Every structure is written in structure tokens, then in C-alpha cells.
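# Structural description and commentary
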Amino acid sequence: LAMFDRAAQVAPRDARGPRAGGLRSAQWGEVELAEPRLTEALRRDPRDAPSWHALGVVRFKLGDLAGAEQAYGAGLKADPASLESHLGLATVAVARGDAASALVHYDALCRARPKHGDLRLGRAWALLKLSRLVEAERELAEAEQLGASARAIRAQRRLLATLKASAEAQRIR
């Protein structure tokens, strides 16, 4: 790490030193050390979408949801096709319980990777939270067909059954 920091000092405009140090620290699980290095790398090269994603992961692990969201958003601006940034934004939205925002990003992910069952589970979760039960049920069937986690599907189907029963009870009243 000291060598990466030295490289960053020797070449103050080059993002490679702090980027390498930040990525290495993040990889080692030393998120407190990674955050300032990645921030510096991105100050030097704000178009580096993979570094924005790494900074988002680091900030998320530090419990800084607003900082993670900002980093993932900047990554998406740097590369509008960045699936990692969409996944990061969906993850932050789920952590906040913001199903509408999560759905926006899961929709983008599912368009890009239509055969990825676990992304369908994320989309189904958002639909369940938004009480869009018919769509959620279809999404769970699609996730199952695509080989998503059977345990997660069972859990979401239990939630779906509970929500349907509650909606039916409300309708009867």
C-alpha cells in the first residue's frame, strides 16, 4: 500500500497510484483505507466508472448509503451502460426500503440480462413491496424458470401469499 501511495505522490495527476491502492485496500476488506484513495483517484479521473463502483461498494460497507448512492450515480454518469452502477443503486434502494427506486434499476438490469434469475428476484421484491402482486407472481415464476435461488423464491412466495390474503381481507370489508 505504501508503494501505491508513493506512486500517487510522485505522479500527482495520474489516477493509477491511488486507484490501485484503493482497489487493493477494498479487496483486502480495509474499507477505511480504500475510501480516501479511491476518492483521490476519482478526483484525478472522474470518468472511471469501475472506480466509482468500487467507491460505492466501500461507502456501502462503511454504512454511508448517501455516499454510496452518490458514487454509483456518478459511475452511471461516467458510463450509462454500467450494470454495476445499476446494481449498486438497486442495492442502496433495497437497503433503504425504497422499492420504487429499486424497481427502476432492476428493470434496467433485467433488460440487459433477461436470463438472470436472481435479478428477477430483485425485481419481484420491488413489485411485492409496491403491492403489484400479479406482476410479482409472474416475475417469481420467471425467476424460478431461470434457476434463481429456490429458498429466496419460497420466501417471496410466502410474502406474496400473505399480501394476497391481506388484500382479499381488505376487499371483503
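This text goes with the structure placed above it.
Before going into details, it helps to say that this report is about the structure given with it. (Residues numbered from 1 in each chain as written. Predicted model: local features only at pLDDT ≥ 70, side-chain atom pairs only at ≥ 80, totals over all residues. Heavy atoms only, no water.)

### Some thoughts on the overall build of the protein chain
Filter applied, for reference: We count a stretch as a helix when DSSP gives it H or I for four or more residues in a row; a strand needs E for two or more, and each element gets its number in order from the N terminus. Note that the radius of gyration is over C-alpha atoms, with the globule rule given as 2.2 Å times the number of residues to the power 0.38. Relative accessibility thresholds used throughout: buried, under 20% of the residue-type maximum; exposed, over 50%; partly exposed, between the two (1.4 Å probe, protein chains only). We call two residues contacting when some pair of their heavy atoms lies within 4.5 Å. Note that accessible areas follow from Shrake-Rupley with a 1.4 Å probe, and for residues the cover is restricted to the protein chains shown. Positive charges come from Lys and Arg, negative ones from Asp and Glu, while His and the chain ends are left out of the count. Positions of charges follow a simple convention, taking NZ of Lys, CZ of Arg, CG of Asp or CD of Glu.
A count of helices and strands for the protein chain gives 10 helices and zero strands. A compact globule built from 173 residues should have a C-alpha radius of gyration of about 16 Å, whereas the protein chain, at 20 Å, is more than 25% larger. Each principal axis of the C-alpha atoms in the protein chain carries an extent, and together these give about 70 × 30 × 25 Å. With 173 residues in all, the protein chain has 39% of them scored as buried. Expressed as a percentage of contacts within the protein chain between residues at least 6 apart in sequence, the contacts between residues at least 24 apart total 42%. For the protein chain, the exposed surface amounts to about 9,800 Å²; the carbon and sulfur share of it is 54%. Averaging the locations of the 28 positively and 21 negatively charged side chains of the protein chain gives two centres separated by 2 Å.

### Focus on the pattern of salt bridges
The condition is simple: Salt bridge, as applied in this entry: a Lys or Arg side-chain nitrogen positioned within 4 Å of an Asp or Glu carboxyl oxygen.
Evaluation of the coordinates by the stated rule reveals 13 salt bridges. For the salt bridge of Asp 48 with Arg 19, the shortest nitrogen-to-oxygen distance reads 2.7 Å. Taken together, the residues Asp 48 in the loop between helix H3 (31–44) and helix H4 (49–61) and Arg 19 in helix H2 (residues 16–27) connect sequence positions 29 residues apart. Owing to a relative accessible area of 27%, Arg 19 belongs among the partly exposed residues under this scheme.

### Some points on the environment of Glu 84
Relative to the assigned elements, Glu 84 resides in helix H6 (residues 83–96). The sequence separation of Glu 84 and Trp 52 amounts to 32 residues, and the corresponding C-alpha distance is 9.6 Å.

### Side note on the nonpolar core
Let me state the cut-off plainly: Note on terminology: a nonpolar core comprises buried Ala, Val, Leu, Ile, Met, Phe, Trp, Tyr and Cys residues joined through side-chain atoms within 4.5 Å.
Ranked by internal contacts, the top residues of the largest apolar core, which has 23 residues, are Ala 102, Tyr 106, Leu 121 and Ala 126. At the level of secondary structure, the elements contributing two or more residues to this core comprise H6, helix H7 (99–112), helix H8 (117–129), helix H9 (133–145) and helix H10 (150–172). For this core, the element with the most residues is H8, which contributes seven residues. With near-sequence residues (within four places) excluded, Leu 121 lies in contact with Leu 140, Ala 143, Ala 148, Ser 149, Ala 152, Ile 153 and Gln 156.

### A look at helix H5 (residues 65–78)
Heads up, the condition is: To estimate how far a helix should reach, multiply one less than its number of residues by 1.5 Å.
End to end, H5 covers 20 Å across 14 residues, agreeing with the expected 20 Å (1.5 Å per residue, within 8%). All buried positions along H5 are accounted for by Gly 67, Ala 68, Ala 71, Tyr 72, Ala 74, Gly 75 and Leu 76.

### Here we look at the packing of H9 against H10
In plain terms, the rule: Only the stretch in contact is used when fitting a helix axis, every axis being a line fitted to C-alpha atoms; angles between N-to-C directions are given from 0 to 180 degrees. Small angles under 35 degrees read as roughly parallel and large ones over 145 as roughly antiparallel, with 65 to 115 read as roughly perpendicular and the rest as oblique. Throughout, a crossing is termed right-handed when the near helix is turned clockwise from the far one, and left-handed when it is turned anticlockwise from it by less than a right angle. Note on residue categories: nonpolar means Ala, Val, Leu, Ile, Met, Phe, Trp, Tyr, Cys or Pro, charged means Asp, Glu, Lys or Arg, and polar means any other residue, Gly included.
In the contact formed by H9 and H10, the axes pass within 11 Å of each other and the chain directions differ by 160 degrees. In terms of orientation, H9 lies roughly antiparallel with respect to H10. You can see that H9 and H10 cross each other, and the crossing is left-handed. Touching Leu 133, Glu 137, Leu 140, Ala 141, Ala 143 and Glu 144 of H9 are Ile 153, Gln 156, Arg 157, Leu 160, Leu 163 and Lys 164, all from H10. Per-class residue counts for the contact of H9 with H10 are seven nonpolar, one polar and four charged.

### Digging into the packing of H6 against H7
At a minimum axis separation of 8 Å, H6 and H7 run at an interaxial angle of 150 degrees. Viewed along their axes, H6 and H7 adopt a mutual orientation that is roughly antiparallel. Here the hand of the crossing between H6 and H7 comes out left-handed. Between H6 and H7, the residues in contact are Leu 83, His 86, Leu 87, Leu 89, Ala 90, Ala 93 and Val 94 and Ser 101, Ala 102, His 105, Tyr 106, Ala 108, Leu 109 and Ala 112, respectively. When the residues that make up the contact of H6 with H7 are grouped by side-chain class, the tally is 11 nonpolar, three polar and no charged.

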